[in-house]
Amino acid sequence: MGDLQATIEFLVELHKFYNVDLFIRGYYQFRLTFKPPKSSHAIQVEVCEGHGERGAFSLFPAYVTDDGQTAVSRTFNIYYKDEEVLLKDVFLFRVHLLIDSTKAADCIDKAALEMTVDVHFTDQVVRQNNYRSLPLVTSRTLKFHFSCFNGLHHQVPLLFDYYYFSVLDMIVHANVVSLGLPNWGILKQIKTGWFSKSSTTPRLPTPLFFTSLFGNRSQLGMQFYSDVSLRYAVTNSSSISRENFEKASAIH
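These remarks concern the structure in this document.

Each value, and the rule that gives it
- Residues numbered from 1 in each chain as written.
- Predicted model: local features only at pLDDT ≥ 70, side-chain atom pairs only at ≥ 80, totals over all residues.
- Heavy atoms only, no water.
- Helix = DSSP H or I, 4+ residues; strand = E, 2+ residues; numbered from the N terminus.
- Buried < 20%, exposed > 50% of the residue type's maximum accessible area, 1.4 Å probe, protein only.
- Contact = heavy atoms within 4.5 Å.
- Areas by Shrake-Rupley, 256 points an atom, 1.4 Å probe, with all protein chains shown as cover.
- Phe/Tyr/Trp six-rings, centres within 6.5 Å; stacked < 30°, edge-to-face > 60°.
- Lys NZ or Arg CZ within 6 Å of the ring centre and 35° of its normal.
- Salt bridge = Lys/Arg side-chain N within 4 Å of Asp/Glu carboxyl O.
- Core = buried A, V, L, I, M, F, W, Y, C linked by side-chain atoms within 4.5 Å.
- Polar contact = N/O pair within 3.5 Å; in protein donor to acceptor, adjacent residues only side chain to side chain.

**Remarks on the overall build of the chain**
For step 1, the next point in the chain: Of regular secondary structure, the chain possesses four helices and 13 strands.
For step 2, the next point in the chain: The burial tally for the chain puts 47% of its 252 residues in the buried class.
For step 3, the next point in the chain: Considering only residue pairs separated by 6 or more positions, the chain has 77% of its internal contacts joining residues 24 or more positions apart.
For step 4, the next point in the chain: Split by element, the accessible area of the chain, about 13,300 Å² in all, is 52% carbon and sulfur.

Have a look at this one:
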């Protein structure tokens, strides 16, 4: 069982949608969901407000589902072949992992970090009361090859299947942002004991200790998300060094 909590932030931008040759005209939206790692974990999702521009094809804004686990793009309308829709929807995923402090970097590098990208579609009229329940039509899975010390900075042209032949231009940045003692208020407990029942032994309160590696990112201001090149420069320069990582993992 791990004794250290690592937090990884994934900044995901759905930049542009390309209609290569869709068979059906109608209303589309994308849904992004992290596949839970096998270790004890917690996932938090939020929409970075104020970055997308509501265009002629956009009907409803981006949001996070009620369970707080899935990010949903704006709902937009597709009419013609070779159509492009500028989305600029930006989401922040925080993945909290419980890891072994004696091999912290190795645990993070080997964590199974995957995200499903679902396409939801309907050719019926979409209104305020039903745009959150569009049916699923196709899906892709992204497997992130994340490096603890180098992070992840990648632009992904995600191609969907023949019947929904289209491309979603995604930009993904990720870094380890903090190490600290486990916060059992947000981490899901690991199943223990016979028949995978949860342990009923009460846990001692965790001391108020948290090692932040890069400070408060919200102080960087809205430009951190609104400009892709600036966001890449800021995120890339804040990758943790091996020396600082080892010091942080040994503090607890």
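**Thoughts on the packing of aromatic side chains**
For step 1, the next point in the chain: Going through the model one piece at a time under the given rule, you end up with 16 aromatic pairs.
For step 2, the next point in the chain: Ring centres of Phe10 and Phe144 lie 5.1 Å apart, and the angle between their planes is 35°; on these two criteria the pair is classed as tilted. Of this pair, Phe10 sits in strand β1 (residues 4-22) while Phe144 sits in the loop between β10 (136-143) and β11 (152-159); the two residues are 134 residues apart in sequence, bridging distant segments of the chain. Residues Phe10 and Phe144 agree in their burial class; the two are buried.
For step 3, the next point in the chain: Above the ring of Tyr63, the side-chain terminus of Arg132 is found at 3.9 Å from the ring centroid.

**Examining the pattern of salt bridges**
For step 1, the next point in the chain: This model, assessed by the stated rule, comprises seven salt bridges.
For step 2, the next point in the chain: With a closest N to O distance of 3.5 Å, Lys16 and Glu84 form a salt bridge. In this pair, Lys16 sits in strand β1 while Glu84 sits in strand β8 (residues 84-99), placing the two residues 68 residues apart along the sequence.
For step 3, the next point in the chain: With a closest N to O distance of 3.7 Å, Glu114 and Lys35 form a salt bridge. Taken together, the residues span a long stretch of sequence, with Glu114 in strand β9 (residues 114-122) and Lys35 in strand β2 (residues 26-35) at a distance of 79 residues.
For step 4, the next point in the chain: The network of salt bridges with common partners includes Glu9, Glu46 and Arg94.

**Focus: the nonpolar core**
For step 1, the next point in the chain: Grouped together as the largest cluster of nonpolar side chains are 51 residues, with contacts concentrated most on Phe10, Phe30 and Phe93.
For step 2, the next point in the chain: In terms of residue count, β1 provides more of this core than any other element does, eight residues in total.
For step 3, the next point in the chain: In contact with Phe30, not counting residues within four places along its chain, are Leu14, Phe17, Ala71, Val72, Ser73, Phe76, Leu87, Val117, Asp118, Val119, Phe160 and Leu168.
For step 4, the next point in the chain: Within the second largest apolar cluster, seven residues are counted, among which are Tyr27, Tyr63, Val126 and Tyr131.

**Points about the side chain of Glu9**
For step 1, the next point in the chain: If you trace the backbone, Glu9 turns up in strand β1.
For step 2, the next point in the chain: Residue Glu9 is classed as buried on the basis of its relative accessible area, which comes to 11%.

**Brief notes about the environment of Gln44**
For step 1, the next point in the chain: With respect to the element layout, Gln44 can be found in strand β3 (residues 41-47).
For step 2, the next point in the chain: A polar atom in the side chain of Gln44 sits 2.9 Å from the side chain of His96.

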